[in-house]
Every structure is written in C-alpha cells, then in structure tokens.
Amino acid sequence: QVQLVESGGGSVQAGGSLRLSCAAFGLIYTGHCMAWFRQAPGKEREGVASTDSSGNITYVDSVKGRFAISQDNAKSTLYLQMNSLKPEDTAMYYCAADLRWWCGGRWSQITGYKYWGQGTQVTVSS
C-alpha cells in the first residue's frame with residue numbers, strides 16, 4: 001500500500017520561502033516519476049514540477065527560477081523548495097507518484113499518476 005503524506009505548507013508574505021515535503025510510504029523508490037501539483041480555488045489542478053528515476057526535472061514556466069524539486073532516496077522523501085513566493089502561488093499543493101522510469105511529456109497530466117497525497121495548503125499574502 002503506497003501512501004504519500006505532504007507537509008510544510010503555511011502562510012507567508014510575498015517574497016518569502018517555504019519547503020514542502022512528501023513522505024512516500026510503501027513506494028519502491030526506484031523506477032518512479034514523482035511530481036508536485038497545485039490547485040487554487042476555482043481553478044484546475046496544474047503540474048508544478050516533476051522528477052524521475054532518469055534524472056529528468058521539469059517545471060511549469062511560472063515557477064522556473066523560483067522553485068526547486070528534489071528527492072532524498074534514503075529518506076523516501078520528495079521536496080519542493082519555493083522561493084520568491086507570489087500571491088498567485090496560493091493553492092493546495094499535492095504530491096503525486098507513478099511507477100514508471102520517466103515522467104516524459106505526460107508529467108503534468110493528472111491521469112499520469114496513480115498515487116496522490118492529501119495536500120498541504122500554501123497561502124501567500126501581498
């Protein structure tokens with residue numbers, strides 16, 4: 001049974017930083033694609049960043065240069081370091097995982113992930 005548990009969300013002012021964590025329980029940490037998604041009220045869930053076993057990392061344009069995705073295989077944990085936060089980054093952030101070696105062009109598609117966390121709220125005030 002795979003379980004993803006996010007933490008690290010909170011409220012910050014614009015320009016601040018947060019680091020999200022996603023603990024992956026029961027997930028074989030090789031041969032995987034993992035990603036962060038977010039969903040703001042009234043909007044569709046969108047892919048923020050992904051990383052896979054092949055070492056590929058992808059970001060949505062709106063966070064490039066501000067966010068960094070990383071993983072600690074020893075701790076089975078996925079991270080999202082978020083810097084220079086903006087009010088438009090306000091959303092519920094979700095961790096997602098799938099058992100395939102690379103994320104590829106489907107990295108931002110919700111249907112490309114079998115496992116999801118419960119989400120952690122990030123609120124950025126101006």
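Here's a quick rundown of the structure. Model, not experiment: these values are computed from the prediction.

Digging into the state of the cysteines
So, point 1. For the structure on display, the rule yields 2 disulfides.
So, point 2. Two residues share a disulfide in this structure: Cys 22 and Cys 95, whose sulfurs sit 2.1 Å from each other. Residues Cys 22 and Cys 95 are joined by a disulfide whose S-S torsion is about -75°; by sign, that bridge is left-handed. Here the residue Cys 22 occupies a position in strand S3 (residues 18-25), and Cys 95 occupies one in strand S9 (residues 91-98), the gap between them amounting to 73 residues. There is no split in this pair, since Cys 22 and Cys 95 are both buried.
So, point 3. The disulfide partner of Cys 33 is Cys 103, and the S-S distance across this bridge is 2.0 Å.

Examining the pairing of S3
So, point 1. Pairing of strand S1 (residues 3-7) with S3, which is carried by 5 bridges, proceeds in the antiparallel orientation. Looking at the pairing, Leu 4 lines up with Ala 24 of S3.

Overview of the sheet that holds strand S8 (residues 77-82)
So, point 1. With respect to topology, 4 strands assemble into an open sheet ordered S1-S3-S8-S7, the strand pairing being antiparallel. Bordering the open sheet on either side are S1 and strand S7 (67-72), each of which pairs with just one other strand. Adjacent strand axes in the sheet meet at a mean angle of 15°, parallel and antiparallel pairs treated alike.
So, point 2. Examined bridge by bridge, S7 and S8 share 6 bridges and lie antiparallel to one another. In the sheet register, Gln 71 faces S8, and the bridge partner there is Leu 78.

Remarks on the nonpolar core
So, point 1. Residues Leu 4, Met 34, Trp 36, Leu 80, Met 82 and Tyr 93 are the most contacted members of the largest nonpolar core, which totals 37 residues.
So, point 2. A per-element tally of this core places S9 first, with 6 residues.
So, point 3. For Leu 80, the contacting residues outside a window of four places in its chain are Leu 18, Arg 19, Leu 20, Trp 36, Val 48, Ala 49, Phe 67, Ala 68, Ile 69 and Tyr 93.

Conventions we followed
Residues numbered from 1 in each chain as written. Predicted model: local features only at pLDDT ≥ 70, side-chain atom pairs only at ≥ 80, totals over all residues. Heavy atoms only, no water. Disulfide = S-S within 2.5 Å. Helix = DSSP H or I, 4+ residues; strand = E, 2+ residues; numbered from the N terminus. Buried < 20%, exposed > 50% of the residue type's maximum accessible area, 1.4 Å probe, protein only. Pairing = 2+ DSSP bridges. Axes fitted to C-alpha atoms, helices over the stretch in contact; angles between N-to-C directions. Core = buried A, V, L, I, M, F, W, Y, C linked by side-chain atoms within 4.5 Å. Contact = heavy atoms within 4.5 Å.

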